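# Tertiary structure, described
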Amino acid sequence: APAPPPARHLFSDPAEVEALRGNLLAWYDRCKRDLPWRALAATEPDADKRGYAVWVSEIMLQQTQVATVIDYYNRWMQKWPTLQALAQASLEEVNELWAGLGYYSRGKRLQEAARKVVSELAGQMPRTAEDLQKLLPGVGRYTAGAIASISYGQATGVVDGNVIRVLCRLRCIGADSSSPAVIDRLWDMANVLVDRIRPGDFNQALMELGATVCVPKAPLCGECPVKQHCQAWRRKLFGKPPAVPDVEDCGVGDCPLCPPATEPWDSSLGVTNFPRKAAKKPPRAMRTATCVLERRGCHGAPEYLIVQRPSSGLLAGLWEFPSLPLAQDLQEEKEREELADHLQAWMGWPVAAKGLQFIGEVIHIFSHIHQTYVVYSLCLDRDVTLDPALSPSRWVTEDEFHASAVSTAMKKV
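In this numbering scheme, every chain counts its residues from 1 along its sequence in written order. The predicted origin of the model limits local features to residues at a pLDDT of at least 70 and limits the giving and counting of side-chain atom pairs to 80 or more, whereas totals for whole chains, interfaces and linings rest on all residues. Values shown for side chains rest on all heavy atoms present in the structure; no hydrogens or waters enter the calculation.

In terms of regular secondary structure, the protein chain is built from 16 helices and 7 strands. Note on exposure labels: buried denotes an accessible area under 20% of the residue type's maximum, exposed denotes more than 50%, and partly exposed covers the range between, all computed with a 1.4 Å probe on protein chains only. The proportion of buried residues among the 413 residues of the protein chain is 48%. Two residues qualify as a contact provided that any one of their heavy atoms is within 4.5 Å of a heavy atom in the partner residue. For the protein chain, contacts bridging at least 24 residues in sequence account for 67% of all contacts bridging at least 6. A distance of 5 Å separates the average location of the 46 positive side-chain charges in the protein chain from that of its 48 negative side-chain charges. Runs of H or I in DSSP of at least four residues are treated as helices and runs of E of at least two as strands, each being numbered from the N terminus. Under the counting rule used here, the positive set is Lys and Arg, the negative set is Asp and Glu, and His together with the chain ends is not counted. Charge positions are represented by NZ for Lys, CZ for Arg, CG for Asp and CD for Glu.

The next thing to look at is the packing of aromatic side chains. Under the pairing criterion, centres of Phe, Tyr and Trp rings, with the six-membered ring standing for Trp, must be within 6.5 Å; the plane angle then separates stacked pairs below 30 degrees from edge-to-face pairs above 60, leaving the rest tilted. A full pass over the atoms with the stated rule returns 6 aromatic pairs. Consider the rings of tryptophan 37 and tyrosine 73, whose centres lie 5.2 Å apart with planes at 80°: the pair is edge-to-face. Of this pair, tryptophan 37 sits in helix H2 (residues 36-43) while tyrosine 73 sits in helix H4 (residues 66-79); the two residues are 36 residues apart in sequence, bridging distant segments of the chain. One exposure class covers both tryptophan 37 and tyrosine 73, and it is buried.

Let's shift gears to the environment of alanine 39. Checked against the element boundaries, alanine 39 lands in helix H2. Classification of alanine 39 by relative accessible area gives partly exposed; the value is 37%.

Definition used for salt bridges: Asp or Glu carboxyl oxygen within 4 Å of a side-chain nitrogen of Lys or Arg. Under the defined criterion, the tally for this structure stands at 15 salt bridges. Between arginine 171 and glutamate 16 there is a salt bridge, with the nearest N and O atoms lying 2.7 Å from each other. One end of the pair, arginine 171, is in the loop between helix H10 (161-170) and helix H11 (180-193); the other, glutamate 16, is in helix H1 (residues 14-31), with 155 residues separating them in the sequence. Of the two residues, arginine 171 and glutamate 16, both sit in the buried class. In the salt-bridge network here, residues are joined through shared partners; they are Asp29, Arg198 and Asp201.

Next up on the list: the confidence of the model for the protein chain. pLDDT is defined as a per-residue confidence score from the predictor, taking values between 0 and 100. On average, residues of the protein chain score 89 in pLDDT, and 92% of them are at 70 or above. Every residue in residues 241-245 is under pLDDT 50, and counting partners more than four places away or in other chains gives 3 contacts.

Quick look at the side chain of asparagine 95 now. In this structure, asparagine 95 sits in helix H6 (residues 91-98). If we skip the residues at most four places from it in the chain, asparagine 95 touches Ala316, Gly317, Leu318 and Ala405.

Okay, here's the thing in structure tokens:
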């Protein structure tokens, strides 16, 4: 069995834990950002409405910056202020409001879970992190902990990217922070630290610290309210004490939380030595041929054909211009031919490859895909009857296009 981590990696002193809680909460009360979901959670007397408000914010904030989320959150809560209202909405409406926020399956799962609460749970949100994670689709361990602590006062910790960074620096945890063993240990630490009286505020304070002070690069250590508890800051400030074994050397290669021997402390990096992450896999490259089909509408304004993507997979259920994945290193002439054949299924009559006008290329980076859209256009001078057996499709004006559930990538196109 691997050696247990030494106490210096953990929070084993009750007095230190109490001092850290007090310092962090006092800082949060002074310095917290004014965010709409915080205001709602703090003033809403109805527990279920509070839980719903926090839930929506936490789902939107996954992989998305606060500044981007605020406008989407306000529009969402104005349109669907309760779980019951969201449960009655259509997926098309949800996708339209979510368009541009990315990771579109989040909105779909949020609506599915709202319907489940209404139909199977008598409209009442689960009250504990365990039940939230167990009963609501799309709610993982972190989101469940955030909702339970902020909305219902459960003394349970949370671990997200910001908390990982803060805890790894506080205790010089240099092992791969994405490994299951380290993540489990961080959850243990978060549950030890969480304030029993103000668990929601404490968890938000810990995340706020990581988002505004203990940032990935150039952290503001001088402004940190818990720097006296931070092993990484003390090491940066005082160097390595020669007479006392340092936390990095505590296990002599056996400690599961120490940095690997091949990546020792780099004094030039200071606290940003932590956390250590495994190298990311490079995104895979994909090419897609996309055609903007244009016709003259009944009022003279141009209209464009959009088709709906499948209900599962990347960008599920969103609308796009007719598109076709391409093999890599395909010659342009062959790309045109394949796209023309694909369009023929929509047109019902032959499409000449040479009639497709090349417009340019649009690059869009998804989390795991480096996507290149090869964009063509085709103006139609006659009516087209679309095959109803194919994917749903419709003609839209430019304004209707932007109001539809289309991805940011398609807006670039």
